[in-house]
Amino acid sequence: MGTYRPEWAPDIIDLETPSAARMYDYYLGGSHNFAADRELAEQALKAWPETPYMCRANRAFLRRAVTFLAEQGVDQFLDLGSGIPTSGNVHEIAESVLPEARTVYVDCDAVAYAHGRALLADDPQATYVQADLRDPESVLSSPEVTAQLDFSRPVAVLMLMTLHFVPDSDDPAGIVAAYRQAVAPGSYFVFSHGTNEYRPADTGGITKVYTQASHGIVPRDRARIQELAAGWELLEPGLTDVILWRPEPSELEDDPLGGDVTRYSTFAGVGRSS
Ligand SMILES: C[S@@+](CC[C@H](N)C(=O)[O-])C[C@H]1O[C@@H](n2cnc3c(N)ncnc32)[C@H](O)[C@@H]1O
């Protein structure tokens, strides 16, 4: 007997291959995942038990960064590798500050796309596109993107917890540079990336688990992650641990991992183009 297929999961969705997007949904306590996703996610949790905290800290960084940019007047957001919609989506945060803000979500995952489309059906200012972010030219020229975003004005390009799914052989630095070159001066780059800086041995475990998923995972060290953001002028505090990018004082006081950045093993930053 095959895996139970809910009504919202179209036939094209492969329920048997664990999906990085659906595993992330599982870590965050979402319900858009299947048995194969949950089984592999449980293996990942054995290798890296802090993963759910890491994912929540990443979402908190996203909220702080998008709020900050919207408060600066940035009203266009291109969220690459946006994942399955969850609480605190980019368009909700941006529109709460700037009601006219526009957002395009891009993800290759069919479940993320199906839910994104359904969620955004009644919001003319936000769109979900199913595409491969490794092909900047086709993402940037897609009709949904060009209809929603005006590239003669600044855009915030987001790649959170996504570049570590792009192997070196696909030239992640070149991909980031292509987006930078396509946006107007004064645009922003918001990114986070899993790191092996603190625990190279442990990340070996998680890397092996993800070889069975839709996307392999490539944790990188600080220097390499810094290189991926080349050409973007990083705002204070620069490339930093995910919980340390402009946290609310209460977030640090109540940090569930006692502020131990090594247990998050994720770097984050916000850069500006000139
Ligand atoms: C860990 S989730 C992060 C979701 C969201 N950005 C966040 O930080 O909460 C990574 C997402 O990147 C997507 N992804 C990975 N490689 C991709 C690619 N080449 N093109 C588009 N999406 C990709 C996955 O499908 C997944 O939804």
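Structure: above.
Residues numbered from 1 in each chain as written. Predicted model: local features only at pLDDT ≥ 70, side-chain atom pairs only at ≥ 80, totals over all residues. Heavy atoms only, no water.

> A description of the overall build of the protein chain should follow, citing residues and the corresponding values.
Scanning the protein chain for helices and strands turns up twelve helices and eight strands. Taking 274 residues into account, the globule formula puts the C-alpha radius of gyration at 19 Å, and the protein chain, at 18 Å, falls close to it. Counting only C-alpha atoms, the protein chain reaches 50 × 40 × 40 Å along its principal axes. Here the protein chain holds 274 residues, and 54% of them are scored as buried. Taking all contacts inside the protein chain whose residues are at least 6 apart in sequence as the whole, residues at least 24 apart take part in 73%. As displayed, the protein chain has an accessible area near 11800 Å², and 51% of this comes from carbon and sulfur atoms. (Helix = DSSP H or I, 4+ residues; strand = E, 2+ residues; numbered from the N terminus. Rg over C-alpha atoms; globule rule 2.2 N^0.38 Å. Buried < 20%, exposed > 50% of the residue type's maximum accessible area, 1.4 Å probe, protein only. Contact = heavy atoms within 4.5 Å. Areas by Shrake-Rupley, 256 points an atom, 1.4 Å probe, with all protein chains shown as cover.)

> Lay out the nonpolar core in plain terms, naming residues and giving numbers.
By size, the foremost hydrophobic cluster in this structure holds 41 residues, and its most contacted members are Phe61, Val66, Leu69, Phe77, Leu158, Val190 and Val270. Only helix H3 (51-71), helix H4 (90-97), helix H5 (110-120), strand E3 (126-130), strand E4 (156-160), strand E5 (188-194), helix H12 (261-264) and strand E8 (266-272) provide two or more residues apiece to this core. For this core, the leading source of residues is H3, giving eight residues. Every residue in contact with Phe61, bar those within four places of it in the chain, is listed here: Leu160, Val190, Phe191, Ser192, Val242, Trp245, Ala268, Gly269 and Val270. Counting residues in hydrophobic clusters, the runner-up holds 28 residues, among them Val104, Val157, Val166 and Tyr179. (Core = buried A, V, L, I, M, F, W, Y, C linked by side-chain atoms within 4.5 Å.)

> Residues and numbers for the side chain of Glu50, please.
Looking at the secondary structure, you find Glu50 in the loop between helix H2 (35-47) and H3. Apart from the residues lying within four places of it in its own chain, the contact partners of Glu50 are Arg199, Leu257 and Arg263.

> Tell me about the packing of H3 against H4, residues and numbers included.
At a minimum axis separation of 9 Å, H3 and H4 run at an interaxial angle of 35 degrees. Two packed elements cross with a definite hand, and for H3 against H4 that hand is right-handed. Contact residues: Leu62, Arg63, Val66, Thr67, Ala70 and Glu71 in H3; Val90, Ile93, Ala94 and Val97 in H4. Grouping the constituent residues of the contact of H3 with H4 by class yields seven nonpolar, one polar and two charged. (Axes fitted to C-alpha atoms, helices over the stretch in contact; angles between N-to-C directions. Left-handed = near helix turned anticlockwise from the far one by under 90°. Nonpolar A, V, L, I, M, F, W, Y, C, P; charged D, E, K, R; others polar.)

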